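The primary structure of each chain is shown beneath.
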Amino acid sequence: MKSERFKKLKSIRGPRSINLAMWGYFCVFAFILIVIVEVVFYIVVAGTFEDKATARVNIISNETVAELEKNPEGIHKTVFRYRSEGVNVYLLDFDGKILVPADVDGLEEPPLSETFIKDMKTRIGEDGKTEVFHFGASINLARVVSYKGQSGYVLVSYSLKIVHETVRTLQLYLIIVGVTVLFVSLLVTYAFSQKITRGLKNMSDTAVKLAEGDYTVKFANADYTEMAQLSDTLNYVRDEVKKSEDFRREILANVTHDLKTPLTMIKAYASMIKEISGDNKEKREKHLQVIIDESDRLTGLVNDVLSVSKLQSNLDVINFKVFNLTELVYGIINRFGYLQEAQGYSFMIDIDAGLYTRADEEKISQVIYNLLGNAANYTGEDKTVYISLKSSMDGKRIKFSVRDTGKGIAKEDLPEIWDRYYRVKENHLRPVKGTGLGLNIVKVILKNHSFDFGVESKLGEGSLFWVDFPAVPAEIEVDKLPENVN
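Residues numbered from 1 in each chain as written. Predicted model: local features only at pLDDT ≥ 70, side-chain atom pairs only at ≥ 80, totals over all residues. Heavy atoms only, no water.

Quick notes on a nonpolar patch on the surface
Point 1. On the surface, a nonpolar cluster with roughly 940 Å² of combined accessible area is contributed by V28, F31, I32, V35, I36, V39, V40, Y42, I43 and V44.
Point 2. Relative to the assigned elements, Y42 resides in helix α2 (residues 18-70).
Point 3. Given a relative accessible area of 47%, Y42 falls into the partly exposed group. (Patch = residues over 30% accessible without salt bridge, like charges linked within 9 Å, V, L, I, M, F, W, Y side chains within 5 Å. Areas by Shrake-Rupley, 256 points an atom, 1.4 Å probe, with all protein chains shown as cover. Salt bridge = Lys/Arg side-chain N within 4 Å of Asp/Glu carboxyl O. Helix = DSSP H or I, 4+ residues; strand = E, 2+ residues; numbered from the N terminus. Buried < 20%, exposed > 50% of the residue type's maximum accessible area, 1.4 Å probe, protein only.)

A short note on the packing of helix α10 (residues 361-378) against helix α11 (residues 438-449)
Point 1. One way to put it is that α10 packs onto α11 with a least axis distance of 9 Å and a crossing angle of 145°. Once α10 is placed against α11, the crossing between them reads as left-handed. Counting all contacts with α10, which are made through K363, I364, Q366, V367, N370, L371 and N374, the residues of α11 involved are G438, L439, I441, V442, I445, L446 and H449.
Point 2. Its residues assigned to classes, the contact of α10 with α11 comprises eight nonpolar, five polar and one charged. (Axes fitted to C-alpha atoms, helices over the stretch in contact; angles between N-to-C directions. Left-handed = near helix turned anticlockwise from the far one by under 90°. Contact = heavy atoms within 4.5 Å. Nonpolar A, V, L, I, M, F, W, Y, C, P; charged D, E, K, R; others polar.)

Focus on the nonpolar core
Burial of nonpolar side chains together is a common tendency in soluble globular proteins.
Point 1. Formed by 42 residues in total, the largest nonpolar core has its most connected members in L325, I364 and F400.
Point 2. Every element with two or more residues in this core is listed here: α8 (325-335), β7 (346-351), α10, β9 (384-391), β10 (397-403), α11, β11 (452-458) and β12 (462-470).
Point 3. If you tally residues by element for this core, the top one is α10, at seven residues.
Point 4. Ignoring any residue separated from it by four or fewer positions in sequence, one finds I364 in contact with F323, L325, L328, A359, L446, H449, F451 and F469.
Point 5. Formed by 24 residues, the second largest nonpolar core is a distinct cluster that contains F41, I75, I139 and V156. (Core = buried A, V, L, I, M, F, W, Y, C linked by side-chain atoms within 4.5 Å.)

Overview of the sheet that holds strand β3 (residues 131-135)
Point 1. With antiparallel pairing, five strands are arranged side by side in an open sheet as β2-β1-β5-β4-β3. A strand with exactly one partner marks an edge of an open sheet, and here the two such strands are β2 (98-100) and β3. Neighbour-to-neighbour, the strand axes of the sheet open up by a mean angle of 35°, direction not taken into account.
Point 2. Pairing analysis gives five bridges linking β3 to strand β4 (residues 138-147), with the strands arranged antiparallel. Across the sheet, H134 pairs through a bridge with I139, a residue of β4.
Point 3. Contacts from helix α4 (residues 114-124) reach β1 (87-93), β3, β4 and β5 (150-159), with the element oriented near 150° to β3. (Pairing = 2+ DSSP bridges.)

Focus on the packing of aromatic side chains
Point 1. Per the counting criterion, the structure on display carries eight aromatic pairs.
Point 2. Ring centres of F94 and Y153 lie 5.0 Å apart, and the angle between their planes is 45°; this geometry places the pair in the tilted category. Within this pair, whereas F94 is found in the loop between β1 and β2, its partner Y153 is found in strand β5, the two being separated by 59 residues in sequence.
Point 3. Classification of Y153 by relative accessible area gives buried; the value is 7%.
Point 4. A network of ring pairs unites the aromatic residues F116, F133 and F135 as a single cluster.
Point 5. When the ring centre of Y386 is taken as reference, the NZ or CZ atom of R403 above it lies at 4.1 Å. (Phe/Tyr/Trp six-rings, centres within 6.5 Å; stacked < 30°, edge-to-face > 60°. Lys NZ or Arg CZ within 6 Å of the ring centre and 35° of its normal.)

A few points about the pairing of β4
Point 1. Judged by how many residues are buried, β4 sits mostly within the fold: eight of ten residues are covered.
Point 2. Where β3 folds back onto β4 in an antiparallel hairpin, the turn is made up of two residues, including G136, whose phi is positive at roughly 65°.
Point 3. Sheet topology note: the β4/β5 ladder contains ten bridges and is antiparallel. Residue V144 lies in a different strand from β5, and its bridge partner there is Y153.
Point 4. Taking the residues that link successive antiparallel strands as the turn, the β4-β5 hairpin has two residues, and the phi of K148 there is positive, at about 55°.

What to know about the confidence of the model for the chain
Point 1. When pLDDT is averaged along the chain, the result is 79, and 81% of the positions lie at 70 or above.
Point 2. Within the chain, no element has a lower average pLDDT than helix α1 (residues 2-13), which sits at 52, and none a higher one than β10, at 96.
Point 3. With pLDDT under 50 throughout, residues 424-432 is counted as low confidence; its partners more than four residues away or in other chains account for 16 contacts.
Point 4. Note that pLDDT drops below 50 for residues 477-486; the model gives that stretch 17 contacts with residues more than four away or on any other chain. (pLDDT = per-residue confidence, 0-100.)

Notes on the packing of α8 against α10
Point 1. Axis separation between α8 and α10 bottoms out at 10 Å; the angle between their running directions is 45°. With respect to their mutual orientation, α8 and α10 come out oblique. As for the relative orientation of α8 and α10, their crossing is right-handed in sense. Listed contacts from α10 to L325, L328, V329, I332, I333 and R335 of α8 are E361, I364, S365, I368, Y369 and L372.
Point 2. Of the residues contributing to the contact of α8 with α10, the split by class is nine nonpolar, one polar and two charged. (Parallel < 35°, antiparallel > 145°, perpendicular 65-115°, else oblique.)

Regarding the side chain of D360
Point 1. Here D360 shows up in the loop between β8 (356-359) and α10.
Point 2. D360 sits in the buried class, given a relative accessible area of 4%.
Point 3. Here N319 takes part through its backbone nitrogen, which lies 2.9 Å from a polar atom of the side chain of D360. (Polar contact = N/O pair within 3.5 Å; in protein donor to acceptor, adjacent residues only side chain to side chain.)

Overview of the sheet that holds β12
Point 1. Across the sheet, which stays open at both edges, the five strands sit in the order β7-β9-β10-β12-β11 with mixed pairing between neighbours. Looking at strand neighbours, the two that pair on one side only are β7 and β11, the edges of this open sheet. Adjacent strand axes in the sheet meet at a mean angle of 10° when their direction is disregarded.
Point 2. Across seven bridges, β11 lies against β12 in antiparallel orientation. Within the sheet, the bridge partner assigned to V455 lies in β12 and is F465.

Notes on the environment of R284
Point 1. Here R284 shows up in helix α7 (residues 281-312).
Point 2. Placed 14 residues apart in sequence, R284 and A270 show a C-alpha to C-alpha distance of 9.5 Å.

Observations regarding α10
Point 1. Its 18 residues place the ends of α10 26 Å apart at the C-alpha level, agreeing with the 26 Å of an ideal helix rising 1.5 Å per residue.
Point 2. Inspection of α10 places K363, I364, S365, V367, I368, N370, L371, L372, G373, N374, A375 and A376 among the buried residues, and these make up the whole buried set. (Expected span 1.5 Å × (residues − 1).)

Here it is as structure tokens:
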């Protein structure tokens, strides 16, 4: 039933797959990276090629002019030498006719078109300025020179076709490499995401079993640190949930047990009054007292359950104030006077006078009452309880302790006695006046106050419960106390 609810919830939410998310993010990242590489390559490589071509054209132009001035007849060798580098050098007259090299006359299509010649003359102008310019797929530089007594032009032309083809080839290679890397990375990403999601799916399936009440499940994933930490956390949650479930069943059984007994007694004695002792005052008073006692027991149980619930839910606000702790302890001891008078209990008292502390007086009263009641319920056959309230040597702390002479508590059980209904482990051997919640209430209240507390016990020698209170001067005002006094 629960698993069907989980499936329905998952279908409503429509979560995205980790595999698809990782693929999507990676594809976007890889695409952007490839585009950046392509753009940078084109700008840097193509620009570098053109800069070097421009610089080379200038050098060749200068060398050609120097050769003309030094040895005009050697210009033919110079032209052919540069042609081997892929650079064309021409000597033109002012009409644009090629004078050098002479082997271009027999070509069906002249190497320099009329459009090119016209553009070159326009750029140079009448003043004969030197200028590097682009025409088609070439870088060109033209300048005015004198050759064999007449003026003309030296034209150096560097074709960029090879450069552009090289750049395009390299770009193609980069694209192929990028696509290959992208494909391989996608395969790696798929394998990696599958490994992660496999572990998450296993933990999800295990969590569903846990939600269905199977507390034997174990979350196990140690492939990665984060996953291992998550597994440990979920295992901890499992243990805590199991404890809560065990406690729920435990408290249900105990509350049911505690409610059933007094209700049965109340009904039985009410029937006895109705049928037997209604006209007998002595018997009637005795039976009515049983009903009153059992009603008080029910009231105590309900109050304790409500107190635990409020304290655990932090609904009970702590109202700090300065009060006389000595008087509070004496007042609570007097509430147990009926045990001394009717049942022969002895309270051995060692209490310093005039001790003040800062806390919630009502809740601390509940703490001391529960500790005294616990000691009275568990003390030995001598029915003696030892109560101490002493100031420390420096006067900064006050230690309250109460000791019984009962059978004591095993060392391994000491940490558990503060749990609710701990005594269920003792086969419901409860004291008559007790709900099994008293020590848990003590723990919650003192933890909320941040007060130190504890228990010392030895089997066969009894147990001693203690609380450490902060001591404050009697005359100090509450609003002048620092917030961290505890």
